[in-house]
Amino acid sequence: MKIDIISYSDTQYSALTEEQIQEVKAAQLKKNRLEIALAEAKRKEKHRLISRGIFLSGIWEAYCQKLQAEHDQEIENLRDSLLFYLRFSTKSDAYGTGYTVDYDLSVDERLAIVRQYYQTTYADANERFEAFKADKIAVVYLEELYAPLYDYFLEETK
C-alpha cells in the first residue's frame with residue numbers, strides 16, 4: 001500500500017508504535033475510499049449531463065470544481081487529525097534533548113529550534129549528522145519536516 005496521506009520517511013515510520021501505524025493505515029484507506037468516491041460521483045454526473053444533452057454547458061466544470069474542493073478539504077481534515085494523533089500519542093517520559101520540545105509550537109518553529117541546536121552544538125558536519133540521526137525525539141517532533149532536515153544535514157557531510 002502506498003502511503004501518501006502524510007509524507008514520513010522510513011525512519012519516522014519505524015519509530016511509530018503498532019497502534020500508530022494502524023492509525024496511519026486506517027487514514028490512508030479512508031483517503032483511498034474518498035478518492036474512489038470522488039471519481040465515481042464525477043462519472044455519474046458526467047453521464048447524467050450527457051444524457052440530458054447539457055454536458056458542454058459549463059455545468060460539468062463547476063460541478064467538478066465544487067466536488068474537488070470538498071474532497072480536498074476532507075483529505076486535509078483527515079491528514080490534520082492524523083498528524084494531531086501522531087503528535088500527541090508519542091510516549092516519551094523524559095525527552096533528554098538539548099533543545100526545547102514544545103508541541104504547542106508550529107512545525108516550522110520546531111524545525112528552526114532543532115536545526116539551530118544541532119548547528120550550534122556540533123561544529124563538525126559528520127558529528128552533527130550522526131547526532132541528529134540518533135535523535136529519536138526529532139523523528140516524531142519534526143513530523144513531515146524531519147526528512148528534509150535529515151537530507152540537509154546529510155548533504156553538509158559531503
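Here the structure is a predicted model, which means the values were calculated and not measured.

A. Structural context of the environment of Ser14. Note that Ser14 resides in helix H1 (residues 10-14). Residue class for Ser14 comes out exposed when judged on its relative accessible area of 60%. C-alpha separation for the pair Ser14 and Leu154, spaced 140 residues apart in sequence, amounts to 19 Å.

B. Broad picture of the packing of aromatic side chains. One pass over the structure, following the stated rule, counts 13 aromatic pairs. Both rings, one in Phe129 and one in Tyr150, keep their centres 5.1 Å apart while their planes meet at 65°; by these two values the pair is edge-to-face. Residue Phe129 is found in helix H5 (residues 125-134), and its partner Tyr150 is found in helix H7 (residues 146-156); the two are separated by 21 residues along the sequence.

C. Structural view of the nonpolar core. Judged by nonpolar contacts, the single largest core of 20 residues is most densely connected at Tyr99, Val114, Tyr118, Phe132, Tyr141, Leu142 and Leu149. At the level of elements, helix H4 (107-121), H5, helix H6 (136-141) and H7 are the ones that each hand at least two residues to this core. By residue number, the principal contributor to this core is H6, which donates 5 residues. Each residue touching Phe132, except ones within four places of it in the same chain, is listed here: Val114, Tyr118, Ala138, Leu142, Tyr146, Leu149, Tyr150 and Phe153. If you look at the next biggest cluster of nonpolar residues, it comprises 13 residues, including Leu16, Leu34, Leu82 and Leu83.

Definitions and cut-offs
- Residues numbered from 1 in each chain as written.
- Predicted model: local features only at pLDDT ≥ 70, side-chain atom pairs only at ≥ 80, totals over all residues.
- Heavy atoms only, no water.
- Helix = DSSP H or I, 4+ residues; strand = E, 2+ residues; numbered from the N terminus.
- Buried < 20%, exposed > 50% of the residue type's maximum accessible area, 1.4 Å probe, protein only.
- Phe/Tyr/Trp six-rings, centres within 6.5 Å; stacked < 30°, edge-to-face > 60°.
- Core = buried A, V, L, I, M, F, W, Y, C linked by side-chain atoms within 4.5 Å.
- Contact = heavy atoms within 4.5 Å.

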